[in-house]
Amino acid sequence: MKNFLIVPSILSANFACLGEDISKVISAGIKMIHFDVMDNHYVPNLSVGPLVLKALRDYGVTISIDVHLMARPVDRLILDCVYAGASSISFHPESTDHIDRSLELIKENGCKAGLVFNPGTALGCLEYIINKLDFILLMSVNPGFSGQSFIPIVLNKICQVSNLIKNSGFNIRLAVDGGINIRNISVIAEAGADTFIIGSTIFTASNYRQVINDLYCEINK
Ligand code: DX5
Ligand code: ZN
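Before going into details, it helps to say that this report is about the structure given with it. Keep in mind that this is a model prediction, so the values were computed, not measured.

Tallying secondary structure elements over the protein gives 9 helices and 8 strands in all. Computed over C-alpha atoms, the radius of gyration of the protein comes to 16 Å, within 12% of the 17 Å expected from 2.2 N^0.38 for 221 residues, which places it in the range of a compact globule. Dimensions of the protein, computed from the C-alpha atoms along their principal axes, are close to 45 × 40 × 30 Å. Burial status across the protein gives 55% buried among its 221 residues. A separation threshold of at least 6 residues defines the contact pool for the protein, and within that pool the share at least 24 residues apart is 62%. Taken as a whole, the protein presents about 10,000 Å² of accessible surface, with 52% of it coming from carbon and sulfur. The distance from the centre of the 17 positive side-chain charges to the centre of the 20 negative ones in the protein is 5 Å.

Written out as structure tokens, the structure reads:
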């Protein structure tokens, strides 16, 4: 059986009490949270950055923090997020001038490295850097906001990347981000995803433990 991982995206959490909200999902068994960094240029929204990341570490969050960069310049933010306490960092290939250099920067600073592909972005560069990736993140919405609907054609892309990973022989996780809910998570898992980044479905639920259990039930049945 695959080692499935549900990763709450804190973009949908209550920012007025972020530490507490994250503690609640940790008590519900979560081992990693997803931290969206948005700059209002690469994506049309502004979120949080290294300061808030460090504040969460100082607050006592010790589980893995997966930083998803939707901001430029990528390389400086990579370093700032490393120092602030990131465990893994991903960025979009078109948001950096040198994909290979940015991946190296993440890895040489002790974090896991991932590349993120928007729904409309081609996978071409994977051929040349797949050996450097710990994970691939496929966006199933256009990045910028939580609460959007899953774009169905991305299911084909998940199958395609899942096969590519199998054929490569590398140990690379396949994550999907955007619009995942209780009704579609099993289809996304069947397509080949093993990591599910989920914002609004978790943080709008009245009982985090219940919704997380229900999501795991759907993918494990
Ligand atoms: C969107 C972010 C996602 C988002 C997911 O740009 O990268 O992580 O928070 O939220 P939902 O699950 O609500 O689509
Ligand atoms: Zn994200």
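We now examine helix α4 (residues 99-108). Within α4 the residues assigned to the buried category are S102, L103, L105 and I106. The buried side chains of α4 occupy one side of the element, clustering within an arc of 155° when seen end-on. Structural note: α4 exposes R101 and E108 on the side pointing more than 90 degrees away from its buried face. In this structure, the buried residues of α4 make contact with α3 (74-84), β4 (88-91), β5 (112-117) and α5 (126-129).

Glancing now at the nonpolar core. Ranked by size, the top nonpolar core spans 68 residues in total, and within it V67, L69, I89, I136, I158, F196 and I202 carry the most contacts. A total of 6 residues in this core trace back to one element, the largest contributor, which is α3. Residues in contact with L69, not counting those within four places in the same chain, are V37, V74, L77, I78, C81, I89, S90, F91 and H92.

Where α3 contacts α4, the two axes come as close as 10 Å, and the packing angle between them is 10°. Here α4 runs roughly parallel to α3, going by the angle between their axes. For the pair α3 and α4, contact is made by V74, D75, I78 and L79 and by R101, S102, L105 and I106, respectively. Taken together, the residues of the contact of α3 with α4 break down into 5 nonpolar, 1 polar and 2 charged.

What surrounds ligand 1 is a group of 20 residues, the closest being S9, G144, G147, G199 and S200. In the environment of ligand 1, an oxygen atom lies 3.5 Å from a nitrogen or oxygen atom belonging to the side chain of H34. Within the contact set of ligand 1, an oxygen atom lies 2.8 Å away from a side-chain nitrogen or oxygen of D177. Protein burial of ligand 1: of its 380 Å² of free accessible surface, 100% is covered by the chains. Broken down by secondary-structure element, the contributors of at least two residues to the shell around ligand 1 are β2 (32-38), β3 (64-70) and β8 (195-198). For the shell around ligand 1, the element with the most residues is β2, which contributes 3 residues. Residues belonging to the shell around ligand 1 are distributed by class as follows: 8 nonpolar, 10 polar and 2 charged.

Calculation notes
Residues numbered from 1 in each chain as written. Chains lettered and ligands numbered in written order. Predicted model: local features only at pLDDT ≥ 70, side-chain atom pairs only at ≥ 80, totals over all residues. Heavy atoms only, no water. Helix = DSSP H or I, 4+ residues; strand = E, 2+ residues; numbered from the N terminus. Rg over C-alpha atoms; globule rule 2.2 N^0.38 Å. Buried < 20%, exposed > 50% of the residue type's maximum accessible area, 1.4 Å probe, protein only. Contact = heavy atoms within 4.5 Å. Areas by Shrake-Rupley, 256 points an atom, 1.4 Å probe, with all protein chains shown as cover. Lys, Arg positive; Asp, Glu negative; His and termini not counted. Charge placed at Lys NZ, Arg CZ, Asp CG, Glu CD. Arc of directions from axis to C-beta. Core = buried A, V, L, I, M, F, W, Y, C linked by side-chain atoms within 4.5 Å. Axes fitted to C-alpha atoms, helices over the stretch in contact; angles between N-to-C directions. Parallel < 35°, antiparallel > 145°, perpendicular 65-115°, else oblique. Nonpolar A, V, L, I, M, F, W, Y, C, P; charged D, E, K, R; others polar. Near = heavy atom within 4 Å. Polar contact = N/O pair within 3.5 Å; in protein donor to acceptor, adjacent residues only side chain to side chain.

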